[in-house]
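# Tertiary structure, described
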Amino acid sequence: MTTQAVSILCGKCRVGLEGPAEPDPESVYTCPVCGQSDSFENVMASVTAFSEELMAEKFDKMLVDSFRSSKMIKVTGKPNHKGFHPFITDMKL
């Protein structure tokens, strides 16, 4: 398993958030461009939801791609609709 350092960004502006280096759950993080802010706990909940959605999309794509040429297995499903996340990461999969 590899580790990857990622930045936490504003979901609207895609700009890094400003806040304390050693946060506690009540620490406030703010976007320097639009001013959107929230507690560290809520920011992490938004980032977690965004990351889970990103990983699910990647897994779905890998599954479809792996069975694309199969004549015995057909993968069907509905596309996942992306929700808005106020805070995201620049994670690359």
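Coordinates for the structure precede this section.
Report follows, based on the coordinates. Keep in mind that this is a model prediction, so the values were computed, not measured.

### Describing the nonpolar core
If you look at the biggest cluster of nonpolar residues, it comprises 7 residues: C10, L17, Y29, C31, V43, V47 and F87. Excluding its chain neighbours within four sequence positions, the residues that come into contact with V43 are I8, L17, Y29, D38 and F87.

### Quick notes on the pattern of salt bridges
Per the stated rule, a full pass over the model turns up 2 salt bridges. With its nearest N and O atoms 2.8 Å apart, the salt bridge here joins K61 to D65. Residue K61 and its partner D65 are located together in helix α1 (residues 40-66), separated by 4 residues, close to a single helical turn. With its nearest N and O atoms 2.7 Å apart, the salt bridge here joins D65 to R68. Here D65 falls in the partly exposed class, since its relative accessible area comes to 35%. Overall, the relative accessible area of 61% leaves R68 in the exposed class. A single salt-bridge network, built from bridges that share partners, covers K61, D65 and R68.

### Let's talk about the packing of aromatic side chains
Tallying each qualifying case throughout the model produces 1 aromatic pair. Judged by centre distance (5.8 Å) and plane angle (40°), the ring pair of Y29 and F40 falls under tilted. Of the two residues, Y29 is situated in strand β2 (residues 28-30) and F40 in helix α1; the sequence distance between them amounts to 11 residues.

### Some details on the environment of F67
Its place among the elements puts F67 in the loop between α1 and β4 (87-89). For the pair F67 and K78, spaced 11 residues apart in sequence, the C-alpha separation works out to 16 Å.

### A look at the environment of V33
The topology assignment puts V33 in the loop between β2 and β3 (37-39). V33 sits 32 residues away from D65 along the chain, and the two C-alpha atoms are 39 Å apart. Beyond its immediate chain neighbours, meaning those up to four positions away, V33 contacts C13 and V15.

### A few points about α1
If you check α1, its first and last C-alpha atoms are 39 Å apart, about what 27 residues at 1.5 Å a residue would give, namely 39 Å. The complete set of buried residues in α1 reads V43, S46, V47, F50 and S51. Elements that come into contact with the buried residues of α1 comprise β1 (8-10), β2, β3 and β4.

### Digging into unusual backbone geometry
Although it is not a glycine, R14 sits at a positive phi angle of roughly 60°. Summarising the element assignment, R14 is placed in the loop between β1 and β2.

Conventions adopted
Position numbers for residues start from 1 in each chain and track the written sequence from start to end. Only residues with pLDDT of at least 70 get local features here, since the model is predicted, and only at 80 or more are side-chain atom pairs given and counted; chain-wide, interface and lining totals rely on the full set of residues. Excluding hydrogens and water, the side-chain figures rest on all heavy atoms present in the structure. Here the nonpolar core consists of buried residues drawn from Ala, Val, Leu, Ile, Met, Phe, Trp, Tyr and Cys, with membership extended through side-chain atoms lying within 4.5 Å. For every residue, the accessible area obtained with a 1.4 Å probe (protein chains only) is divided by the maximum for its type, and the residue is called buried under 20%, exposed over 50%, and partly exposed between those limits. Two residues form a contact once any of their heavy atoms are found within 4.5 Å. When a carboxyl oxygen of Asp or Glu is within 4 Å of a side-chain nitrogen of Lys or Arg, the pair counts as a salt bridge. Runs of E in the DSSP output that reach at least two residues are strands. Runs of H or I that reach at least four are helices, and both are numbered from the N terminus. Only centres within 6.5 Å qualify two rings of Phe, Tyr or Trp (six-membered ring in Trp) as a pair; their planes then separate them into stacked at under 30 degrees, edge-to-face at over 60, and tilted for everything else. Multiplying 1.5 Å by the helix residue count minus one yields the expected span of that helix.

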